[in-house]
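Next come the chains, spelled out residue by residue.
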Amino acid sequence: MRIWLDGALRNADSAQVSVFDHGLTVGDGVFETVKAERGTAFALTRHVDRLTRSARGLGLPDPDADEVRRACAAVLEANPLPLARMRITYTGGVSPLGSDRGDAGPTLVVAVAEETRRADTTDVITVPWVRNERSAVAGLKTTSYAENVVALAAAHRAGASEALFANTVGRLCEGTGSNVFVVLDGVLYTPPLASGCLAGITRALVVDWAGAKEADLPFEALEQAEEVFLTSTLRDVQAVRRVDGRAVAAAPGPVTAEAMRIFEARAGADLDP
């Protein structure tokens, strides 16, 4: 495996980041997960743009977009895979032990791993922990991912693949690594960005392509929904079969099935929408 680290491709066993890197010590970093098929990244422009927005939100200098693109191309060429998860990580770099940043400059890492195609349906749970829609990092894709690790572990213990959060005012928000859509009275909805959810790349495409409406929804909408589905870079559109063990109507339902069809067709026709 070949990994891009700070300007060059390196073998995995020699791609070493300092133990004083701020991304490790205090989670001062941002990242993107990009789907790649047969060596071509999907929606890379949107991912690089969001990486920049997240970096600005943390007060990090803008990543060099051209270098990020070169790094992605080099890693995909060096590691030919039919379907891959490519991760771009950009951190505050070597810094003192504490919250203050150093002056060594950011760290950029691009790595890749083989993926398998997701199932068409999955099960989810809800968790008692909440997203803070007023957090300083709300809506940013940061490396401070511990609460997602805890919630996802709870989902796996329950035999599910994802955990869904409310926000601090009890509104439907998102999953640990996905956005959520529900069908109510035949209409497709997803929580607005003001709920504290991530501005997902796949979420935005489904809103545009499938005509979903953004709406402030109670967490209980999951119990009332005729259909539920998740979106993310590697899930694309994935129907939810059960929520907390409760069966959702036949999954994928008609609205979900149409969203899946539209997404597959549009994404296949334009790899950088």
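Shown above is the structure to which this text applies.
The model shown is predicted, which means the values in this text are computed figures rather than measured ones.

So, the nonpolar core
Then comes step 1: Counting residues in hydrophobic clusters, the biggest one holds 26 residues, and the most contacted among them are Met-86, Ile-88 and Val-110.
Then comes step 2: At the level of elements, β3 (29–37), α2 (44–58), α3 (65–78), β5 (83–91) and β6 (107–114) are the ones that each hand at least two residues to this core.
Then comes step 3: With six residues, α3 is the largest single contributor of residues to this core.
Then comes step 4: Among residues more than four places away in sequence, those in contact with Ile-88 are Val-30, Phe-31, Glu-32, Val-34, Leu-51, Val-68, Cys-72, Leu-108, Val-109 and Val-110.

Observations regarding the state of the cysteines
Then comes step 1: Going through the model one piece at a time under the given rule, you end up with zero disulfides.
Then comes step 2: Left without a disulfide partner, Cys-197 is nearest to the cysteine sulfur of Cys-173, which lies 5.4 Å away.
Then comes step 3: Since its relative accessible area comes to 2%, Cys-197 is described here as buried.

Structural notes on the packing of aromatic side chains
Then comes step 1: Taken as a whole, this structure holds four aromatic pairs when the rule is applied.
Then comes step 2: The interplanar angle of 80° and the centroid separation of 5.3 Å between the aromatic rings of Phe-31 and Tyr-145 together place this pair among those described as edge-to-face. Of this pair, Phe-31 sits in strand β3 while Tyr-145 sits in the loop between β7 (121–131) and α4 (146–157), and the two are 114 residues apart along the sequence.
Then comes step 3: Note on Trp-209 and Phe-263: the rings are 5.6 Å apart at their centroids and 45° apart in plane angle, and the pair reads as tilted. Here Trp-209 is found in helix α5 (residues 201–210), whereas its partner Phe-263 is found in helix α7 (residues 254–269), with 54 residues between them in sequence. Neither residue differs from the other here; Trp-209 and Phe-263 are each classed as buried.
Then comes step 4: Three or more aromatic residues link up through ring pairs in this structure, and these residues are Phe-42, Trp-209 and Phe-263.
Then comes step 5: Seen from the ring of Phe-42, Lys-35 lies directly overhead, with NZ or CZ sitting 5.3 Å from the centre.
Then comes step 6: One Lys or Arg, Arg-131, reaches over the ring of Phe-165 and ends 4.1 Å from the middle of that ring.

Digging into the environment of Phe-181
Then comes step 1: Position of Phe-181 relative to the elements: it lies in strand β10 (residues 179–184).
Then comes step 2: A C-alpha to C-alpha distance of 9.5 Å links Phe-181 and Ala-239, two positions 58 residues apart in sequence.
Then comes step 3: Ignoring sequence-local partners within four residues, the contact set of Phe-181 consists of Leu-188, Tyr-189, Thr-190, Arg-203, Val-206, Val-207, Ala-212, Glu-227, Val-228, Phe-229 and Thr-231.

With respect to α2
Every α-helix carries 3.6 residues per turn, so stepping three or four residues along brings you back to the same face.
Then comes step 1: Its 15 residues give α2 an end-to-end C-alpha distance of 21 Å, which sits within 8% of 21 Å, the value for a rise of 1.5 Å per residue.
Then comes step 2: Among the residues of α2, those classed as buried are Leu-44, His-47, Val-48, Arg-50, Leu-51, Thr-52, Ser-54, Ala-55 and Leu-58.
Then comes step 3: Those residues of α2 that are buried are in contact with β3, β4 (40–41), α3, β5 and α5.
Then comes step 4: At the C-terminal side of α2, Gly-59 shows a positive phi close to 85°.

Procedures and definitions
In every chain, residue numbers begin from 1 and rise along the written sequence. Note on the predicted model: pLDDT of at least 70 is required for a residue's local features to be given, and 80 or more for side-chain atom pairs to be given and counted; whole-chain, interface and lining totals, by contrast, use all residues. Side-chain measures were taken over the full set of non-hydrogen atoms in the model, leaving aside hydrogen atoms and water. The term nonpolar core refers to a set of buried residues drawn from Ala, Val, Leu, Ile, Met, Phe, Trp, Tyr and Cys, joined through side-chain atoms within 4.5 Å. Accessibility here uses a 1.4 Å probe with only protein chains present; expressed as a share of the type maximum, an area under 20% marks a residue as buried, one over 50% as exposed, and anything in between as partly exposed. To qualify as a helix, a DSSP run of H or I must reach at least 4 residues; to qualify as a strand, a run of E must reach at least 2; elements of each kind are numbered from the N terminus. By the convention used here, residues are in contact when the closest approach between their heavy atoms is within 4.5 Å. The rule for a disulfide is simple: a pair of cysteine sulfur atoms within 2.5 Å. Each pair of aromatic rings taken from Phe, Tyr and Trp, with Trp reduced to its six-membered ring, is defined by centres within 6.5 Å and is described as stacked if the planes are under 30 degrees apart, edge-to-face if over 60, and tilted in the remaining cases. The criterion is that NZ of a Lys, or CZ of an Arg, lies within 6 Å of the ring centre and within 35 degrees of the ring normal, and then a charge sits over that ring. Helices are assigned an expected span. That span is 1.5 Å times one less than the residue count.

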